Amino acid sequence: MSNADFATTLHIRDHCLCLHAQRAARTLARRFDEAFRPLGITSGQFSLLNSMNRPVPPTIGAIAQVLPWTGRR
């Protein structure tokens, strides 16, 4: 790897909004995981349980529409 390539890596590390947003999201998720630890669940499990809290049992598709990581559009 040349110094120019590494300089690009450092520039991206310091300026990339996507990278910073991902880092912030992981930090926030860890905080929520810590908060849910006494309940024996993770923040992802809480999200899944919350998506299933409906008057009528939901379909898998209906749950997928609520969850953020399903890649829905």
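Residues numbered from 1 in each chain as written. Predicted model: local features only at pLDDT ≥ 70, side-chain atom pairs only at ≥ 80, totals over all residues. Heavy atoms only, no water.

**Looking at the overall build of the chain**
When helices and strands are tallied, the chain shows four helices and zero strands. Element order for the chain, N to C, with α for helix and β for strand: α-α-α-α. Here the C-alpha atoms of the chain give a radius of gyration of 18 Å, more than 25% beyond the 11 Å that 2.2 N^0.38 yields for 73 residues. With the principal axes as the frame, the chain shows a C-alpha extent of 60 × 35 × 20 Å. Per-residue burial over the chain gives 8% buried out of 73 residues. Pairs at least 24 residues apart make up 3% of the contacts formed inside the chain by residues separated by at least 6 positions. As displayed, the chain has an accessible area near 6,200 Å², and 62% of this comes from carbon and sulfur atoms. Treating the 9 positive side-chain charges of the chain as one cloud and the 4 negative ones as another, the clouds have centres 10 Å apart. (Helix = DSSP H or I, 4+ residues; strand = E, 2+ residues; numbered from the N terminus. Rg over C-alpha atoms; globule rule 2.2 N^0.38 Å. Buried < 20%, exposed > 50% of the residue type's maximum accessible area, 1.4 Å probe, protein only. Contact = heavy atoms within 4.5 Å. Areas by Shrake-Rupley, 256 points an atom, 1.4 Å probe, with all protein chains shown as cover. Lys, Arg positive; Asp, Glu negative; His and termini not counted. Charge placed at Lys NZ, Arg CZ, Asp CG, Glu CD.)

**Some remarks on the packing of helix α2 (residues 17-36) against helix α3 (residues 43-51)**
Following both chains from N to C, one finds α2 and α3 inclined at 75°, their axes separated by 8 Å at the closest point. Looking at the two axes, α2 sits roughly perpendicular to α3. Only S43, G44 and F46 of α3 make contact with α2, whose side of the interface consists of A29, F32, D33 and F36. A breakdown of the residues in the contact of α2 with α3 according to their chemical character gives four nonpolar, two polar and one charged. (Axes fitted to C-alpha atoms, helices over the stretch in contact; angles between N-to-C directions. Parallel < 35°, antiparallel > 145°, perpendicular 65-115°, else oblique. Nonpolar A, V, L, I, M, F, W, Y, C, P; charged D, E, K, R; others polar.)

**As for a nonpolar patch on the surface**
The grouping of L48, L49 and M52 at the surface amounts to a nonpolar patch, some 250 Å² of accessible area in total. Looking at the element boundaries, L49 is found in helix α3. (Patch = residues over 30% accessible without salt bridge, like charges linked within 9 Å, V, L, I, M, F, W, Y side chains within 5 Å. Salt bridge = Lys/Arg side-chain N within 4 Å of Asp/Glu carboxyl O.)

**Quick notes on the packing of aromatic side chains**
Summed over the entire model, instances satisfying the criterion amount to one aromatic pair. When the centroid spacing of 4.7 Å and the interplanar angle of 25° are considered together, the rings of F36 and F46 count as stacked. Residue F36 is found in helix α2, and its partner F46 is found in helix α3; the two are separated by ten residues along the sequence. (Phe/Tyr/Trp six-rings, centres within 6.5 Å; stacked < 30°, edge-to-face > 60°.)

**Overview of the pattern of salt bridges**
According to the stated counting rule, one finds one salt bridge in the structure shown. Note that R13 is salt-bridged to D14, the shortest N-O span being 2.8 Å. The partly exposed category is assigned to D14, whose relative accessible area is 40%.

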